[in-house]
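# Architecture and fold: a report
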Amino acid sequence: MLKTQQSTVHYYEDGDILVTVQHTVFRLHQNFLAMASRVFEDMFAYATKSDINNDNNNNVSCLTLTDTSAAAFENLLTFLYPRKYIRINWENVASFLEIGDKYEIVVVIGASEEFLQCHYMENPLIAFALADQYDFKFVYKESSKLVLNNLPRFKTSPDFHKLSYRASSSLLSKHLDYILAIGNLSELNIQEYRHNCSYSVTHGEYIQRIFAERIKSVQGFPVVSPTNLYEIFFKFEEDDDRFDNCQKRFLKTYLPGIFSSHFGNFEPLNNDKNKHDVEHYPYLESAN
């Protein structure tokens, strides 16, 4: 049997409760932890008196936690206690969220969410999985843009299997709709959309030819990524003398509406929304 040992980081001589986690004993302050967590406050009401007979442990309560690891609990304490510091990163954010959720520690969940908001672009699949699990709507939507833009690659990642059935199904369904929409592009008749300017057969034929060329360039395998598809359909120069004002109005004003009605909404990443000529993505909204 392993012998218990005192924590080298969180063993305070003026503490009034001994918390044992995986053979590590932490001596802590009940009032401080109770302020951070109502769950801790309720648990302390059932703590027993110490059976360790020495002067330092007189009137000290004891509690054993069996549903977390000593490392995760130590990280939590380091985050909570003043004059201690630990940075939330990709290696510990999942465990911070798990223990923060388990003990209902709002400040820990909030800090973890803030980390994901700032760093989701570095690891969008894990960010998406955690956002789905803990209902972080902003991170869910923004990370889904990056995952959907390269879903075939993300599907081969071992992390894809960590997604909930709901999350993986939502991604796959959205991707399938996207593939089917590409296949049905030739069914669109853009000549049904009249311009608010003098319209002629020449206008319509030229626009229809450009549209047909762009459809041809995006069909086939491998499937073009959503951002590349969006660029192919909407990239044109304002001063391109191949287009008159009527045709430019169609490309700039009417074509986006046709595109959205066929593919659904695309938009930039949130931090790029006020910029011009940035990539546009399909996305998922959190259903929670």
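Residues numbered from 1 in each chain as written. Predicted model: local features only at pLDDT ≥ 70, side-chain atom pairs only at ≥ 80, totals over all residues. Heavy atoms only, no water.

The name recorded for the chain in an unreviewed UniProt entry is BTB domain-containing protein, from Rhizophagus irregularis.

## Looking at the overall build of the chain
Each helix and strand counted, the chain has 12 helices and five strands in total. Here the chain, with 288 residues, has 45% of them falling under the buried criterion. A separation threshold of at least 6 residues defines the contact pool for the chain, and within that pool the share at least 24 residues apart is 58%. Of the roughly 16,500 Å² of accessible surface on the chain, 49% is carried by carbon and sulfur atoms. (Helix = DSSP H or I, 4+ residues; strand = E, 2+ residues; numbered from the N terminus. Buried < 20%, exposed > 50% of the residue type's maximum accessible area, 1.4 Å probe, protein only. Contact = heavy atoms within 4.5 Å. Areas by Shrake-Rupley, 256 points an atom, 1.4 Å probe, with all protein chains shown as cover.)

## A short note on the packing of aromatic side chains
Within the structure shown, the criterion is met by 18 aromatic pairs. Judged by centre distance (6.1 Å) and plane angle (55°), the ring pair of F233 and F259 falls under tilted. With a gap of 26 residues between them, F233 in helix 11 (residues 226–234) and F259 in helix 12 (residues 245–263) connect regions that are remote in the sequence. In terms of burial, F233 and F259 fall into one category: buried. Ring centres of F259 and F266 lie 5.0 Å apart, and the angle between their planes is 80°; on these two criteria the pair is classed as edge-to-face. In this pair, the class of F259 matches that of F266, namely buried. The side chain of K145 reaches across the aromatic face of Y283, ending 5.7 Å from its centre. (Phe/Tyr/Trp six-rings, centres within 6.5 Å; stacked < 30°, edge-to-face > 60°. Lys NZ or Arg CZ within 6 Å of the ring centre and 35° of its normal.)

## Describing a negative patch on the surface
A grouping of D67, E98, D101 and E104 is seen on the molecular surface, where their side chains present a negatively charged patch. For E98, the location among the structural elements is in helix 4 (residues 93–102). Of the residues examined, E98 reaches a relative accessible area of 46% and is grouped as partly exposed. (Patch = residues over 30% accessible without salt bridge, like charges linked within 9 Å, V, L, I, M, F, W, Y side chains within 5 Å. Salt bridge = Lys/Arg side-chain N within 4 Å of Asp/Glu carboxyl O. Lys, Arg positive; Asp, Glu negative; His and termini not counted. Charge placed at Lys NZ, Arg CZ, Asp CG, Glu CD.)

## Structural notes on the pairing of strand 2 (residues 17–21)
With respect to burial, strand 2 is a largely interior element, four of its five residues being buried. As defined by bridge partners, strand 2 adjoins strand 3 (residues 24–28) across five bridges and the pair is classed as antiparallel. Counted as the bridge partner of T20 is V25 from strand 3. Hairpin remark: strand 2 followed by strand 3, antiparallel, with two residues in the connecting loop; positive phi at Q22, about 50°. Bridge count for strand 2 against strand 5 (residues 61–65) is five bridges, and the pairing is parallel. In the sheet register, T20 faces strand 5, and the bridge partner there is T64. (Pairing = 2+ DSSP bridges.)

## A word on the pattern of salt bridges
Going through the model one piece at a time under the given rule, you end up with 11 salt bridges. In this structure, the salt-bridge partner of D42 is R38, at a minimum N-O distance of 3.7 Å. Of this pair, D42 and R38 both sit in helix 2 (residues 38–44), separated by four residues, roughly a single helical turn. What makes D42 partly exposed here is its relative accessible area of 41%. The exposure class assigned to R38 is exposed, which follows from its relative accessible area of 55%. A salt bridge links D135 to K137, with the shortest nitrogen-to-oxygen separation between them at 3.0 Å. D135 sits in the partly exposed class, given a relative accessible area of 29%. A single network of salt bridges, built from pairs that share partners, joins K141, E142, K145, E267, K273 and E285.

## Digging into unusual backbone geometry
Residue P222 is bonded to the preceding F221 through a cis peptide linkage, with omega at -5°. Within the fold, P222 resides in the loop between helix 10 (201–218) and helix 11. Of note, the phi angle at R83 is positive, near 65°, even though the residue is not glycine. Within the secondary structure layout, R83 lies in the loop between helix 3 (70–80) and helix 4.

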